[in-house]
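Okay, here's what each chain looks like letter by letter:
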Amino acid sequence: GESVGLHLPTLSVQEGDNSIINCAYSNSASDYFIWYKQESGKGPQFIIDIRSNMDKRQGQRVTVLLNKTVKHLSLQIAATQPGDSAVYFCAELLSGNTPLVFGKGTRLSVIA
Amino acid sequence: DVKVTQSSRYLVKRTGEKVFLECVQDMDHENMFWYRQDPGLGLRLIYFSYDVKMKEKGDIPEGYSVSREKKERFSLILESASTNQTSMYLCASSGEQAGWSAREKAFFGQGTRLTVV
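These figures come from a predicted structure and were not determined experimentally.

Caption draft 1: Local environment of the packing of aromatic side chains. Applying the stated rule across the entire model yields twelve aromatic pairs over all chains. Seen in terms of ring centroids, F46(A) and W100(B) are 6.1 Å apart; in terms of plane orientation they differ by 85°. Their pairing is edge-to-face. Linking F46(A) in strand 5 (residues 45-51) with W100(B) in the loop between strand 9 (87-94) and strand 10 (107-108), this pair reaches from one chain into another. What links up through ring pairs into an aromatic cluster is the set Y36(A), F102(A), F33(B), Y35(B), F48(B), Y50(B) and F108(B). Between the NZ or CZ atom of K105(B) and the centre of the ring of W100(B), over which it lies, the distance is 4.2 Å.

Next comes the structure, spelled out in C-alpha cells:
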C-alpha cells in the first residue's frame, strides 16, 4: 500500500491568504520528497522538492517544510491566487531502486 | 524544457480491444513510468522501465503490459480492454540532470483519458 498520505482531501482558501497543504509519510528511510501541481486537464507539474538532510526549502511563493521527527511534509503557498487552484500531490522516494510513491492528492480551491 | 508527449488526449475503445498508449520523451531519460489516476486514489504505478528492453511491475500491473524498444519511447498495452480500465493514464520520465539523480524529479505528459465501453 501507499506510504504517503494526506491530512485533508480538499482545502478552500480566500484569495490573498496563505495556504498550507499537508502530507504524512510512513517510511523513515525516504530521502527525497517532491510536490506536484495538477491543473484540470493537465499532467502533474513539478513545484518544489526537498531532501531529507534539509528541513525547509523556499521557492517563488512556495515553501516546503519537512519534519522528520513526525514524518510530516507541508507545502505553503503565500498570497494564494486563483491560478493556484489545482490538485496538489506529494511524493516520496524510498531508498533502493523504487520509483516515486505518490499520495492521493489535495484539491485546493481559491475563493475570489 | 523536457517534453513528455502522449500520443492521444482522449480515446474511446470497446471492451475486448487491444489498446496501445504511446509515450515519447525528448530528454534522453533512462527512466520511464506509466501511472493511472482515478478520483480518490491518486496516482498508481502500473509499470516502469529503467533502461531499454527492461521493465518492472508497479503496484497494479494486472491487465497491462509494456514495451520499451527504444530509449525515448515507452508503450502501455491493454491486452483486452475492460470497463474497469477506464481511467486517466499518465506517462512520466526521469533521468540524471544537474542537481537531481536519475530517480528523482519526474516529468509528466498531459495524460490520456481512456474510456472503455
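Caption draft 2: Focus on the interface of chain A and chain B. The interface of chain A with chain B comprises 24 residues on the first partner and 23 residues on the second. Counting each side, the surface lost to burial between chain A and chain B is near 1800 Å², with a carbon and sulfur contribution of 52%. It is P44(A), P99(A) and F102(A) in chain A that bury the most area against chain B; as a group they hold 25% of the surface buried on that side. Seen at the junction of chain A and chain B, the total is one salt bridge. When the shortest N-O distance is used, the salt bridge between E104(B) and R51(A) registers 2.3 Å.

Caption draft 3: Main features of unusual backbone geometry. In the Ramachandran plot, A79(A) falls in the positive-phi region, its phi being about 45° despite a non-glycine side chain. Examined against the element boundaries, A79(A) turns out to sit in the loop between strand 8 (72-77) and strand 9 (86-93). A relative accessible area of 35% means that A79(A) is categorised as partly exposed. The backbone phi angle of K53(B) is positive, close to 65°, even though this residue is not glycine. Structurally, the position occupied by K53(B) is in the loop between strand 5 (42-49) and strand 6 (56-57).

Caption draft 4: Structural detail: the state of the cysteines. Residue and element names in this part refer to chain B. Considering all chains together, one arrives at two disulfides over all chains under this definition. C23 shares a disulfide with C91; S-S distance 1.9 Å. Between C23 and C91, the S-S dihedral sits near -80°, and the bridge is therefore left-handed. Placement of the pair is C23 in strand 3 (residues 19-25) and C91 in strand 9, with a sequence separation of 68 residues.

Caption draft 5: Geometry of the environment of D38(B). Tracing the backbone shows D38(B) in strand 4 (residues 31-38). Judged by its relative accessible area of 12%, D38(B) is buried.

Caption draft 6: The sheet that holds strand 7 (residues 64-70) of chain B, seen in detail. All names here are of chain B. With respect to topology, four strands assemble into an open sheet ordered 1-3-8-7, the strand pairing being antiparallel. Of all strands in the sheet, those bounded by a partner on one side alone are strand 1 (4-6) and strand 7. Taken pair by pair, the neighbouring strands of this sheet meet at an average axis angle of 20°, ignoring direction. Pairing between strand 3 and strand 8 (residues 73-78): six bridges, direction antiparallel. Looking across to strand 8, one finds that L21 is bridged to L76.

Caption draft 7: Just the pattern of salt bridges, in detail. All names here are of chain B. Under the criterion given, the structure shown has ten salt bridges over all chains. Measuring nitrogen to oxygen at the nearest pair gives 4.0 Å for the salt bridge that ties R73 to E22. Of this pair, R73 sits in strand 8 while E22 sits in strand 3; the two residues are 51 residues apart in sequence, bridging distant segments of the chain. Overall, R73 belongs to the partly exposed group, its relative accessible area being 38%. Because the salt bridges share partners, they merge into one network encompassing R36, D38 and R44.

The rules we used
Residues numbered from 1 in each chain as written. Chains lettered and ligands numbered in written order. Predicted model: local features only at pLDDT ≥ 70, side-chain atom pairs only at ≥ 80, totals over all residues. Heavy atoms only, no water. Phe/Tyr/Trp six-rings, centres within 6.5 Å; stacked < 30°, edge-to-face > 60°. Helix = DSSP H or I, 4+ residues; strand = E, 2+ residues; numbered from the N terminus. Lys NZ or Arg CZ within 6 Å of the ring centre and 35° of its normal. Contact = heavy atoms within 4.5 Å. Buried area = accessible area lost by both parts, 1.4 Å probe. Salt bridge = Lys/Arg side-chain N within 4 Å of Asp/Glu carboxyl O. Buried < 20%, exposed > 50% of the residue type's maximum accessible area, 1.4 Å probe, protein only. Disulfide = S-S within 2.5 Å. Pairing = 2+ DSSP bridges. Axes fitted to C-alpha atoms, helices over the stretch in contact; angles between N-to-C directions.

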